[in-house]
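Residue-level listing of the chains:
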Amino acid sequence: MRMTFRWYGEGNDSVSLKQIKQIPGVEGLVWALHDVPAGEEWPMDKIMEYKRLADEHGFHLEVVESVNVHDDIKLGLPSRDRYIENYKRTIEKLATVGVKVICYNFMPIFDWMRTDLFKEMEDGSTALFFDKAKIQSMSAEELVANIAGNSSYSMPGWEPERLKRLAPLFEAYKDVTEENLFNNLKYFLEQIIPVCEKHDIKMAIHPDDPPYSVFGLPRIVTSRDNLARLLKLVDSPYNGLTLCSGSLGANPDNDIPAMVREFADRIPFAHIRNVRVYENGDFIETSHKSSDGTVDIAEVVRAYHESGFTGYARPDHGRHIWDEECRPGYGLYDRALGIMYLWGVWDGLERIRKGNA
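Let us look at the structure shown here. Just so it is clear, the structure is predicted and the values come from calculations on it, not from any experiment.

**Here's the deal with the sheet that holds strand 5 (residues 116-120)**
To summarise the sheet geometry, strands pair through backbone hydrogen bonds and adopt either a parallel or an antiparallel arrangement.
Step number 1: Pairing is antiparallel across the open sheet formed by four strands, whose spatial order is 5-6-11-10. A strand with exactly one partner marks an edge of an open sheet, and here the two such strands are strand 5 and strand 10 (275-277). Adjacent strand axes in the sheet meet at a mean angle of 35° when their direction is disregarded.

So, in C-alpha cells, the structure goes:
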C-alpha cells in the first residue's frame, strides 16, 4: 500500500506541503488543475509548476484526481470527440511528469452530494452529512446554493460557471438512462484506453456519491454488479477502479471487503474512509475507526493486505476537529489520524504474516 494525500494547490488549501511531509509514510500528492474547466486540455506550464512544488518536498505526482470528463462525453453528443481528443493530449502530458493513475468519475451534473458540510457530531467535531429526506424535498438550485455558499475554497464538482447552466444541464439529461450512460462510458474508454496503455497510465473510475439516483439523474458506478460490468466495457488492466469505501458504503448492501477481494487486480487507487449510515438512509462521515461507522475499515484493510495490494491509497475525507478551519472534509488533523489508523492495521497484519505478532 502506497500512501498519498490529496492536496488542492498553493492558495487553495489550508494544508501546507511542509505539514503533509510530517505525516508518516506519505510519499505522494493526489493533485489536479482545478482551475481548468472540464474538457479543456491541461496546459504544460501549470503541470510543471505542480512538479516543481512536489520535487521541492520530495513527493511524487503519480496520482491525479481528477481529469474531469465533459458533460458532452457523458451525454454522447457529437461534440464529445473534440473533448476526448483534449483528454488524450492531457494524458500524454501527464505521462511526462510520471503520472501512473488518473482518478475520474462519470456522474451526471454533480460529482458528489451533501446537505450539510459541517454537521456537528456528538463529540463536538463536524463532518459532511447527507439528509436523505431533506434532499428529496429540496430543489437542485437550493442544493447548489447551499454547497457554494458554505466554503471559502473552490469545490471540485461544484464549479459556479458550469452550474449557472443548471436548467439546461437537467434538460440535456432528462432522457438519459443508465444504459445510455454505460454506452457513453464505453465509447469514451474505447478511445482513451489505447492511449493509456501506450503511456502506462491507468484510468480509475470513482463510484457515484451517493451510490443511487438523486434528482432523477442516472447513476451507474453504484454496486458490485455495475463495477463488474464497467470493467468489462474495455477489458484491459488500464481500465480500473478507484474503490471508495465511503461512497459505496453509503449503501449498506454493498460489501466493501468482498469487492476489494474480487476486483483487487483492477484497483490501482483506493479511497479508504468510514461513514455511518442511519436506518432512515441519512449518513455522516466519521473517523476511520471501524466501530465509529457502518463500514468495517479494519476488514477493508485486511482485504487489501490479503490481496497483496501494492497500489495507491489515501485516507479520503475526514472530520473537522480541534477547531481546524479547512476545506469541507479535507483538513489536516483527522486525515492524518486516519492514515495512522490505516498504518496501524496494516502493520499489525504484516507482523502476523511474518510470524512476529
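**Some thoughts on the layout of surface pockets**
Step number 1: One number sums up the size of the second largest pocket: a volume of about 190 Å³.
Step number 2: What lines the second largest pocket is a set of 14 residues, and nearest its centre among them are Lys-202, Ile-267, Pro-268, Thr-310 and Gly-311.
Step number 3: Class assignment of the residues belonging to the lining of the second largest pocket gives a composition of seven nonpolar, two polar and five charged.

**A word on the pattern of salt bridges**
Step number 1: All chains considered together, the criterion is met by 32 salt bridges.
Step number 2: Between Asp-200 and Lys-100 there is a salt bridge, with its nearest N and O atoms 3.2 Å apart. With Asp-200 in the loop between helix 9 (178-199) and strand 7 (202-205) and Lys-100 in the loop between helix 4 (80-95) and strand 4 (101-104), this residue pair connects regions lying 100 residues apart in the sequence.
Step number 3: Exposure remark for Asp-200: the relative accessible area of 35% places this residue in the partly exposed category.
Step number 4: On the basis of relative accessible area, Lys-100 is assigned to the partly exposed category, the value being 33%.
Step number 5: The partner of Arg-266 in a salt bridge is Asp-235, and the shortest N-O contact between them spans 3.1 Å. On the criterion of sequence distance, the pair formed by Arg-266 in the loop between helix 12 (256-263) and strand 9 (269-271) and Asp-235 in the loop between helix 10 (224-233) and strand 8 (239-244) is long-range, its members being 31 residues apart.
Step number 6: Residue Asp-235 is classed as exposed on the basis of its relative accessible area, which comes to 61%.
Step number 7: It is possible to trace a salt-bridge network through shared partners that takes in Arg-6, Glu-65, Arg-114, Asp-209, Arg-273, Glu-285, Arg-314 and Asp-316.

**A closer look at the packing of helix 12 against helix 13 (residues 297-306)**
Step number 1: It is at 8 Å that the axes of helix 12 and helix 13 come closest, and there the two elements cross at 10°. Here helix 12 lies roughly parallel to helix 13, going by the angle between them. Here Ile-256, Pro-257, Val-260 and Arg-261 of helix 12 come into contact with helix 13, specifically with Glu-299, Val-300, Arg-302, Ala-303, Tyr-304 and Glu-306.
Step number 2: Of the residues contributing to the contact of helix 12 with helix 13, the split by class is six nonpolar, no polar and four charged.

**Looking at the packing of aromatic side chains**
Step number 1: For the structure on display, the rule yields 14 aromatic pairs.
Step number 2: Between Phe-110 and Phe-215 the ring centres are 6.1 Å apart and the planes differ by 50°, which places this aromatic pair in the tilted class. You can see Phe-110 sitting in the loop between strand 4 and strand 5 and its partner Phe-215 sitting in the loop between strand 7 and helix 10, a full 105 residues away along the chain.
Step number 3: A relative accessible area of 0% places Phe-110 in the buried class.

**A few points about helix 13**
Step number 1: Within helix 13, the full set of buried residues consists of Ile-297, Val-300, Val-301, Ala-303, Tyr-304 and His-305.
Step number 2: Those residues of helix 13 that are buried lie in contact with strand 8, helix 11 (245-249), helix 12, strand 9 and helix 14 (333-354).
Step number 3: Just downstream of helix 13 lies Gly-308, where phi reads positive at about 70°.

**Remarks on the packing of helix 10 against helix 12**
Step number 1: The interhelical angle for the contact between helix 10 and helix 12, taken along N-to-C directions, is 20°, at an axis separation of 11 Å. Between helix 10 and helix 12, the angle is such that the two are roughly parallel. In the packing of helix 10 onto helix 12, the handedness of the crossing is right-handed. Counting all contacts with helix 10, which are made through Arg-224, Leu-227, Ala-228 and Leu-231, the residues of helix 12 involved are Met-259, Glu-262 and Phe-263.
Step number 2: Broken down by class, the residue content of the contact of helix 10 with helix 12 amounts to five nonpolar, no polar and two charged.

How each quantity is defined
Residues numbered from 1 in each chain as written. Predicted model: local features only at pLDDT ≥ 70, side-chain atom pairs only at ≥ 80, totals over all residues. Heavy atoms only, no water. Pairing = 2+ DSSP bridges. Helix = DSSP H or I, 4+ residues; strand = E, 2+ residues; numbered from the N terminus. Axes fitted to C-alpha atoms, helices over the stretch in contact; angles between N-to-C directions. 1 Å grid on protein atoms, 1.4 Å probe; cavity = no way out; pocket = protein on both sides within 12 Å on 5 of 7 lines; lining within 4 Å. Points joined across faces, edges and corners; volume = space filled by probe spheres on them. Nonpolar A, V, L, I, M, F, W, Y, C, P; charged D, E, K, R; others polar. Salt bridge = Lys/Arg side-chain N within 4 Å of Asp/Glu carboxyl O. Buried < 20%, exposed > 50% of the residue type's maximum accessible area, 1.4 Å probe, protein only. Parallel < 35°, antiparallel > 145°, perpendicular 65-115°, else oblique. Contact = heavy atoms within 4.5 Å. Phe/Tyr/Trp six-rings, centres within 6.5 Å; stacked < 30°, edge-to-face > 60°. Left-handed = near helix turned anticlockwise from the far one by under 90°.

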